[in-house]
Amino acid sequence: MKVAVVGLGVAGLSICARLALAGHDVSGFEQFEPMHERGSSHGDTRIMRLTPGEGEVYVRLARRASVLWRTWEGLAGRPFIDWTGGLMAGPRDSPFVAACRAASEKPAALLRGDAIHPLTHGYIAMPYEWDVFRQEDCGVIAADATRAFLLRQAPQWGAKLNHSVRIAAPIEGPSLNVNGETSAFDAVIVAAGGWAGKLLPEFAGRLAVRRRVTGWFATKAARLLPVVCVDNEDGVYGMPAPRGLYKIGLHAVGKAVDADDMREPDAHDAAALSAHVHELLPKHNSKPVRMSACLYTVTPDENFLIAPSVAHERVLLFSACSGHGFKYAPVFGELAEEWLTGKPSAELEAFSLHSRTGAAIGLGAHRF
């Protein structure tokens, strides 16, 4: 089958690789250069959790993905995941912490917040009355290394990757206007992140594009610190990063933006991040070494949205969005293949328009 994939972030690259390996004639299209930093997939690290707290469907996805992560690591000849462990924290009876605990199958412990300071030798601190779930099956993914691997691997399996090309919007069927010329396909999969609503306007009202900023902070910690996910008002998350830095972001903070017009991080962003570093990471320098802005494409229920166009059933929106998608990257290609062959799994069905799974249990206040 001749398939076009629009958008070559980690989702689009995973889809290209899997479909090409399955024998399809796959062409991928990206408006920017390889390894660009304009979308949602760039960066040195992303969080991996085998028992994510967002909901049961994501636990199943994580289990499927974990097998494929090992396959990718074998092909690449290097690990992509560093299993640091994690601390899932929030006020007493936090739904997020409770969901993480309920989903976990590996040895773990529910701690009180005042145990974290000595446990981490003073590098991480939590309010004493909080619940903190210590999770072993948690770590960090080498995100840019994963993208670079897929950029090499997908063409080896037969995918044709085209960068710095323009796809005319809107897409109105299984054909694309590429740099002014029309090409016909049997199916089109749109995995364009923050640009998906422009390419497929029927979905624009279901996707909010928001600006998020992450910052990297210096520490003298002698050992790798765990991932943290904090269910406070701003939804702080953090993870170790290369060169001895610790990276944090605010899941629930960031205004709506146009994907083509996103401003760079500024002093206001630095102050917002530093306030949390001062409280949660007391032995870290609270001034960021650097910052980076990225796009969050968010649905009202904070779940993925994978749905065919109402007008054109051979056009699929594939939005692995809402800030928690990278960990499932290897399984995205499988989900796209299920749709293409008409054999959907329960996971694929859960993200459709007609059978939405329940609202994901996200960090911080829900602000669509």
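Refer to the structure presented above.
Quick caveat: nothing in here was measured; it's all calculated off a predicted structure. Think of each chain on its own: its residues are numbered from 1, step by step along the sequence as written. For this predicted model, a pLDDT threshold of at least 70 governs which residues receive local features, and a threshold of 80 or more governs which side-chain atom pairs are given and counted, while totals over whole chains, interfaces and linings are taken from all residues. Only hydrogens and water are set aside when side-chain values are computed; all heavy atoms of the structure are taken into account.

### Overview of the overall build of the protein chain
Next up, step 1: To qualify as a helix, a DSSP run of H or I must reach at least 4 residues; to qualify as a strand, a run of E must reach at least 2; elements of each kind are numbered from the N terminus. Along its length, the protein chain carries nine helices and 19 strands.
Next up, step 2: Just to be clear, the radius of gyration here is over C-alpha atoms, and the globule rule we use is 2.2 Å times residues to the power 0.38. For 368 residues, the compact-globule formula gives about 21 Å, and the C-alpha radius of gyration of the protein chain, at 20 Å, lands near that figure.
Next up, step 3: Principal-axis analysis of the C-alpha atoms places the extent of the protein chain at approximately 60 × 40 × 40 Å.
Next up, step 4: Residue burial in the protein chain is summarised as follows: out of 368 residues, 58% are buried.
Next up, step 5: Only heavy atoms matter for contacts: two residues are in contact if any of them lie within 4.5 Å across the pair. Long-range contacts, defined here as pairs at least 24 residues apart, represent 75% of the contacts in the protein chain between residues at least 6 apart.
Next up, step 6: Total accessible area on the protein chain is roughly 14,900 Å²; 52% of this is exposed by carbon and sulfur atoms.
Next up, step 7: We count Lys and Arg on the positive side and Asp and Glu on the negative side, and we leave His and both chain ends out. Charge coordinates come from a single atom per side chain, which is NZ of Lys, CZ of Arg, CG of Asp or CD of Glu. Taken as two groups, the 38 positive and 39 negative side-chain charges of the protein chain have centres that lie 4 Å from each other. Relative accessibility decides the category of a residue: with a 1.4 Å probe and only protein chains considered, values under 20% of the type maximum give buried, values over 50% give exposed, and everything between is partly exposed. Each accessible area is a Shrake-Rupley result for a 1.4 Å probe, and residues are judged covered by the shown protein chains and nothing else.

### Some words on the packing of helix H1 (residues 10-21) against helix H8 (residues 329-341)
Next up, step 1: Think of each axis as a best-fit line through the C-alpha atoms, taken over the contacting stretch in the case of a helix, with angles from 0 to 180 degrees between the N-to-C directions. One way to put it is that H1 packs onto H8 with a least axis distance of 7 Å and a crossing angle of 60 degrees. One way to sum up the angle between H1 and H8 is to call them oblique. When the axes of H1 and H8 are compared, the crossing they make is right-handed. For the pair H1 and H8, contact is made by Val10, Ala11, Ser14, Ile15, Arg18 and Leu19 and by Ala329, Pro330, Phe332, Gly333, Glu334, Ala336, Glu337 and Leu340, respectively.
Next up, step 2: Each residue is assigned to one of three groups, with Ala, Val, Leu, Ile, Met, Phe, Trp, Tyr, Cys and Pro labelled nonpolar, Asp, Glu, Lys and Arg labelled charged, and all others, Gly among them, labelled polar. Considered class by class, the residues forming the contact of H1 with H8 number nine nonpolar, two polar and three charged. The cut-offs work like this: below 35 degrees is roughly parallel, past 145 is roughly antiparallel, 65 to 115 is roughly perpendicular, and the gaps in between are oblique. Crossing handedness follows the turn of the near helix against the far one: under a right angle anticlockwise gives a left-handed crossing, and clockwise gives a right-handed one.

### Considering the environment of Leu111
Next up, step 1: Tracing the backbone through its elements, the reader meets Leu111 in strand E6 (residues 108-112).
Next up, step 2: A C-alpha to C-alpha distance of 6.1 Å links Leu111 and Asp131, two positions 20 residues apart in sequence.
Next up, step 3: Filtering out sequence-adjacent residues up to four positions away, Leu111 remains in contact with Ile116, Leu119, Trp130, Asp131, Val132 and Arg134.

### Some words on the sheet that holds strand E2 (residues 25-29)
Next up, step 1: Spatial strand order, E9-E2-E1-E12-E19-E18: six strands in an open sheet with mixed pairing. The open sheet has two edge strands with one neighbour each: strand E9 (160-162) and strand E18 (305-308). In this sheet, adjacent strand axes meet at a mean angle of 15 degrees when their direction is disregarded. At least two bridges found by DSSP between two strands are what make those strands a pair.

### Concerning the packing of aromatic side chains
Next up, step 1: Between 30 and 60 degrees the pair is tilted, below 30 it is stacked and above 60 it is edge-to-face, where a pair is any two Phe, Tyr or Trp rings, Trp via its six-membered ring, whose centres lie within 6.5 Å. Going through the model one piece at a time under the given rule, you end up with 13 aromatic pairs.
Next up, step 2: Ring centres of Phe304 and Phe332 lie 6.1 Å apart, and the angle between their planes is 75 degrees; on these two criteria the pair is classed as edge-to-face. Remark: Phe332 occurs in helix H8 and Phe304 occurs in the loop between strand E17 (290-298) and E18; sequence separation between them is 28 residues. When sorted by exposure, Phe304 lands in the same class as Phe332, which is buried.

### Topic: the packing of H1 against helix H5 (residues 143-156)
Next up, step 1: Closest axis-to-axis distance for the H1/H5 pair is 9 Å, and the angle between their directions is 30 degrees. The angle between H1 and H5 places the two elements in the roughly parallel class. Where H1 crosses over H5, the two elements pack in a sense that is left-handed. Residue-level inspection shows Val10, Leu13, Ser14, Ala17 and Ala20 of H1 in contact with H5, the latter providing Thr146, Arg147, Leu150, Leu151 and Ala154.
Next up, step 2: For the contact of H1 with H5, a count of residues per class yields seven nonpolar, two polar and one charged.

### Structural notes on the sheet that holds E17
Next up, step 1: Spatially, E6-E7-E5-E14-E15-E16-E13-E17 is the arrangement adopted by the eight strands of the open sheet, whose pairing is mixed. Looking at which strands have only one partner, the edges of the open sheet turn out to be E6 and E17. Across this sheet, the average inter-strand angle for adjacent strands is 20 degrees, counted without regard to direction.
Next up, step 2: Strand direction decides the pairing type here: E6 and strand E7 (residues 131-135), joined by five bridges, are antiparallel. Within E7, the residue paired with Ala108 across the bridge is Gln135.
Next up, step 3: Sitting on the sheet, helix H7 (residues 267-280) touches strand E13 (208-218), strand E14 (227-230), strand E15 (236-241), strand E16 (245-250) and E17, and the angle it makes with E13 is about 55 degrees.

### Comments concerning the pairing of strand E10 (residues 175-178)
Next up, step 1: Only one face of E10 is covered, namely the one carrying Leu176 and Val178; the face carrying Ser175 and Asn177 has none of its residues buried.
Next up, step 2: Taken together, the four bridges between E10 and strand E11 (residues 181-184) define a ladder with antiparallel strand orientation. Across the sheet, residue Val178 finds its bridge partner in E11, namely Glu181.
Next up, step 3: Between the antiparallel neighbours E10 and E11 lie two residues, among them Asn179 with a positive phi of about 50 degrees.

### Considerations on the pattern of salt bridges
Next up, step 1: Whenever a carboxyl oxygen of Asp or Glu lies within 4 Å of a side-chain nitrogen of Lys or Arg, that contact is scored as a salt bridge. One pass over the structure, following the stated rule, counts 18 salt bridges.
Next up, step 2: A salt bridge links Arg64 to Glu347, with the nearest nitrogen and oxygen atoms 3.1 Å apart. Residue Arg64 is located in helix H2 (residues 56-76), and its partner Glu347 is located in helix H9 (residues 346-350); the two are separated by 283 residues in the primary sequence.
Next up, step 3: Given the relative accessible area of 21%, Arg64 is considered partly exposed.
Next up, step 4: Each of Arg18, Arg60, Arg64, Glu334, Glu337, Glu338 and Glu347 takes part in one network of salt bridges that share partners.

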